[in-house]
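Here is what each chain is made of, one letter per residue.
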2 protein chains.
Amino acid sequence: MSDDKPQSPTAASAPRIVTACVLIIGNEILSGRTQDENLGFLARGLNEVGIRLREARVIPDIAEVIVAAVNEARQRFDHVFTTGGIGPTHDDITAQSVADAFAVPLIVHPDAKRLLESHYSPGQLNAARLRMAMVPEGAVLLPNPISRAPGFQIGNVFVLPGVPRIMQGIFEQLKYRLAGGDRLLSRSVSCRLGEGTLASDLSALQDRYPDIEIGSYPYFHRGDFGVTLVLRGIDRDRLVAAAEELKSLIRELGADPQDGVGEG
Amino acid sequence: MSDDKPQSPTAASAPRIVTACVLIIGNEILSGRTQDENLGFLARGLNEVGIRLREARVIPDIAEVIVAAVNEARQRFDHVFTTGGIGPTHDDITAQSVADAFAVPLIVHPDAKRLLESHYSPGQLNAARLRMAMVPEGAVLLPNPISRAPGFQIGNVFVLPGVPRIMQGIFEQLKYRLAGGDRLLSRSVSCRLGEGTLASDLSALQDRYPDIEIGSYPYFHRGDFGVTLVLRGIDRDRLVAAAEELKSLIRELGADPQDGVGEG
C-alpha cells in the first residue's frame, strides 16, 4: 500500500523485540491434576501489546527451584510473569521466594493490609490471611478487580495468582502499561494437502521471506485432514505478500487455499 | 494394615525418586494459538509408572534454544520427553537439534525408512517425507501405532511428536518399560471452608507429616466455593492417617469433609 511508505524506514530498521517468560508455579500442574489455562491467555495478551513470550516453565512449589528460575528468567527476558502460590496456605511460597530471589525482606504492605481489613469482618483477618498482604520490600501492588488479594511487581517480575479468573482480571488492568515492542502480526492459510506434499515449496518460501516466521501445523478431525500454515512478522506488506505467494503455490499443487481465522 | 509389615523396611528407607522433565517444543504454544494437551497426559502417565514430572518447559523452534534445553534437562533429570517438531517441514528441527545436543550426526534410520516406504506409493516418499526417517546416530526407534513416523530415544531423551493422539499412542507403548521409582499415591478431601480458615491447622498438619505433600486448591463454581486439599506420599498408611486427621480438623471447624475423586 502506497500510504504505508512513510513507515518504511522504521519497518526496514531492526525490529524492536521485547520478550517475556512465564513461570507457572504449582505441583498441581506437574502432577496432571490441573490443566493450565493461564499460558495461552498470557501469550495472546502479551502479543497484543507487542511482547513476545519466548519461554514458559512449569515448576514445583519448592523454594530453591522458584528462586533459581526467577533469577534466571529476570536476567534473560525483558518481563517475567509468575502464576500461582500467593494464597494464605503453607504451600503458597511464591512471595517469599521472589523476595529471596531479589535478596530483600518480605514485608506487610500497608495498602494490601488495608484492602484485606476492609474485606474481612473483625477477627476474620487471621495470620494466614495476612500473608496475602506480604510482598518483597520495594514491590508495587497490582490492583485485583476480582478478589481482595493483590498481585505485585518487583523489578521486571510480575507476580500473579494461579486462579485463572483472578489472574486475568489483574493482567487485563496491567497489560497496557507494559513496555512493548513491534507487534507480531499473523496470517494463516489452510489447505487439504499433506505436509510432505507442501514441504519443499514451503521451505523455499521461507528462504525468500527470512523476516516471516512460517509454521506448519497438520490437523486431523472427523476423517478430514490437512495443514494450517501460520505466517508471522512485523511488516504487514511483507506478510500479505508471503501469504499470497503461499496461496499461489497451494493452487499450483491442485488444492484450494482457505484464509484462516484469527488474523492479526 | 498388618499384612503390609514385610514392606516396612523398604517404606522406612529413603524413597526411590525417579524424575522427569518435559520439553514442549513449538512456537504455536508460545503464541497462544494452540493449547497444549500433552503435559497433563504425560504427567499422569509418568506418575502411573513411578516417575515424577519435576519440570516442564515450553520453548520455541530455535535450534540453539532446543540444544541448550535438552542438554540441561538430560543432566538434571532421569528422563526427558520432548514433544513437537518431528514432521517433514522446514520448521521441524527437533531431530537435528537433539543430534546436535548429543554431538552425533543425523542419519537415515533404515527401519524408519522401510516403514515410510511401505506407507507411501512409489514416488510419494520425497525428500521432505524422508526427513521423518532421520534420527541422531545411535537412537532407537519408538514404535508408532497411529501413523507412520516413529519417535526415537537417545540416551535418556525420548523424542515424541506434538499431535496429541499420536504422542499418546507412542507413549502408551513406551511407559511400562521406563525405569520408575516409588509411586506417589494421593488422596484428596474437599470442604466448603475458605483457605484462610483452614490455613493454620493445615500448616500444623503439614509439620506433623513432612513425608506427605499437602496442597491446597481453592475452587469457585456456580456461586459455590471451597477448597480441595490434595495429599501425596509413597506410604499408603501414612497417607490415610494424614487424610483422617485432615477430615477431623475440618469437622472441628464445623464443615463437612468430602472424599475427592481420582484417588491413587
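This one's a predicted model, so the numbers in the text were calculated from it and none came from an experiment. (Residues numbered from 1 in each chain as written. Chains lettered and ligands numbered in written order. Predicted model: local features only at pLDDT ≥ 70, side-chain atom pairs only at ≥ 80, totals over all residues.)

Undergrad: Please provide a residue-by-residue account of the confidence of the model for chain A, values included.
TA: All names here are of chain A. Per-residue pLDDT for chain A has a mean of 92; in total, 94% of the residues score no lower than 70. Segment residues 1–11 is flagged for pLDDT under 50; beyond a separation of four residues in sequence, or across chains, it makes three contacts in the model. Complex prediction metrics read pTM 0.92 and ipTM 0.92. (pLDDT = per-residue confidence, 0-100. Contact = placed C-beta atoms within 7 Å.)

Undergrad: Break down the nonpolar core for me, citing the residues and quoting the values.
TA: Residues Val22, Leu23 and Val80 of chain A together with Val22, Leu23 and Val80 of chain B are the most contacted members of the largest nonpolar core, which totals 97 residues. Beyond its immediate stretch of four places on either side in the chain, Leu23 of chain A contacts Arg57, Ile59, Ala69, Val70, Ala73, Val80 and Thr82 of chain A. (Core = buried A, V, L, I, M, F, W, Y, C linked by C-beta atoms within 7 Å. Buried ≥ 20, exposed ≤ 12 C-beta atoms within 10 Å, placed from the backbone.)

Undergrad: Can you break down the sheet that holds strand β10 (residues 213–221) of chain A residue by residue, with the values?
TA: All names here are of chain A. Read across the open sheet, the four strands follow the order β10-β11-β9-β12; overall the sheet is antiparallel. In this open sheet, the two edge strands, each paired with only one partner strand, are β10 and β12 (258–259). Sheet analysis places strand β9 (residues 185–191) next to strand β11 (residues 224–233), joined by seven bridges and oriented antiparallel. Across the sheet, Arg187 pairs through a bridge with Leu231, a residue of β11. In the packing of helix α9 (residues 195–208) onto the sheet, contacts are made with β10 and β11, and the angle to β10 comes to roughly 165 degrees. (Pairing = 2+ DSSP bridges. Helix = DSSP H or I, 4+ residues; strand = E, 2+ residues; numbered from the N terminus. Axes fitted to C-alpha atoms, helices over the stretch in contact; angles between N-to-C directions.)

Undergrad: Account for helix α10 (residues 236–252) of chain A, with residues named and values stated.
TA: Residue and element names in this part refer to chain A. For α10, with 17 residues, the first-to-last C-alpha span of 24 Å sits near the 24 Å given by 1.5 Å per residue. Here α10 has its buried residues at Leu239, Ala242, Ala243, Leu246 and Ile250. Relative to the axis of α10, the buried residues are bounded by an arc of 100 degrees and lie together on one face. Counted as exposed and oriented over 90 degrees from the buried face of α10: Glu244, Arg251 and Glu252. Immediately beyond the C-terminal end of α10, within one or two residues, lies Gly254, with a positive phi of roughly 90 degrees. (Expected span 1.5 Å × (residues − 1). Arc of directions from axis to C-beta.)

Undergrad: If you had to explain the packing of helix α3 (residues 38–48) of chain A against helix α8 (residues 164–174) of chain A to someone new, which residues and values would you point to?
TA: All names here are of chain A. Where α3 meets α8, the axes come as close as 11 Å, and the angle between the chain directions of the two elements is 15 degrees. Overall, the two elements α3 and α8 adopt an arrangement that is roughly parallel. In this structure, α3 meets α8 at a crossing whose hand is right-handed. Facing Asn38, Phe41, Leu42 and Gly45 of α3, the residues of α8 in contact are Pro164, Met167, Gln168 and Phe171. Classifying every residue of the contact of α3 with α8 by side-chain character gives five nonpolar, three polar and no charged. (Parallel < 35°, antiparallel > 145°, perpendicular 65-115°, else oblique. Left-handed = near helix turned anticlockwise from the far one by under 90°. Nonpolar A, V, L, I, M, F, W, Y, C, P; charged D, E, K, R; others polar.)

Undergrad: Outline the interface of chain A and chain B, supporting the account with residue identities and numerical values.
TA: Contacts between the two partners involve 43 residues from chain A, matched on the other side by 43 residues from chain B. Elements represented by at least two residues in the side of chain A that touches chain B include exactly α2 (27–30), α3, β2 (52–59), α7 (127–130), α9 and β10 of chain A. Residue composition of the side of chain A that touches chain B, by class: 17 nonpolar, 16 polar and 10 charged. Relative to strand β2 (residues 52–59) of chain B, β2 of chain A runs antiparallel, the two sharing three bridges. Within the sheet, the bridge partner assigned to Ala56 of chain A lies in β2 of chain B and is Val58 of chain B.

Undergrad: Let's hear about the environment of Glu245 of chain B: which residues, and what values?
TA: Of note, Glu245 of chain B is situated in helix α10 (residues 236–252). Separated by 40 residues in the primary sequence, Glu245 of chain B and Leu205 of chain B place their C-alpha atoms 7.9 Å from one another.

Undergrad: Any chance you could break down the relation of the copies chain A and chain B for me, citing the residues and the numbers?
TA: When chain A is fitted to chain B, the best match, at an RMSD of 0.0 Å, comes from turning it 180 degrees and sliding it 0.0 Å along the axis. Here the two chains are linked by the operation of a two-fold rotation axis. Using C-alpha coordinates, one finds that chain A approaches the rotation axis most closely at Arg57 of chain A, a distance of 2.2 Å. (Least-squares fit on C-alpha atoms with pLDDT ≥ 70 in both.)

Undergrad: Tell me what's going on with unusual backbone geometry, and back it up with residues and numbers.
TA: Residues and elements named next belong to chain A. Of note, the phi angle at Ala103 is positive, near 55 degrees, even though the residue is not glycine. You can see Ala103 is positioned in the loop between α5 (94–102) and β4 (106–108). A tally of 9 C-beta atoms within 10 Å means that Ala103 is categorised as exposed.

Undergrad: Describe the pairing of strand β1 (residues 19–25) of chain A, naming the residues involved and giving the relevant values.
TA: Residues and elements named next belong to chain A. For β1, a buried count of six out of seven residues is recorded, marking the element as mostly surrounded by other parts of the structure. By the bridge criterion, seven bridges tie β1 to β2 in an arrangement that is parallel. Paired with Cys21 across the bridge in β2 is Glu55. Pairing of β1 with strand β3 (residues 79–83) involves five bridges; the strand directions are parallel. Its bridge partner being in β3, Ala20 is matched across the sheet by His79.

Undergrad: Requested: an account of the environment of Arg187 of chain B, with residues and values cited.
TA: Residues and elements named next belong to chain B. Its place among the elements puts Arg187 in strand β9 (residues 185–191). Given 23 C-beta atoms within 10 Å, Arg187 falls into the buried group. Put simply, Arg187 and Ala243 are 56 residues apart on the chain and 7.0 Å apart in space, counted from C-alpha to C-alpha.

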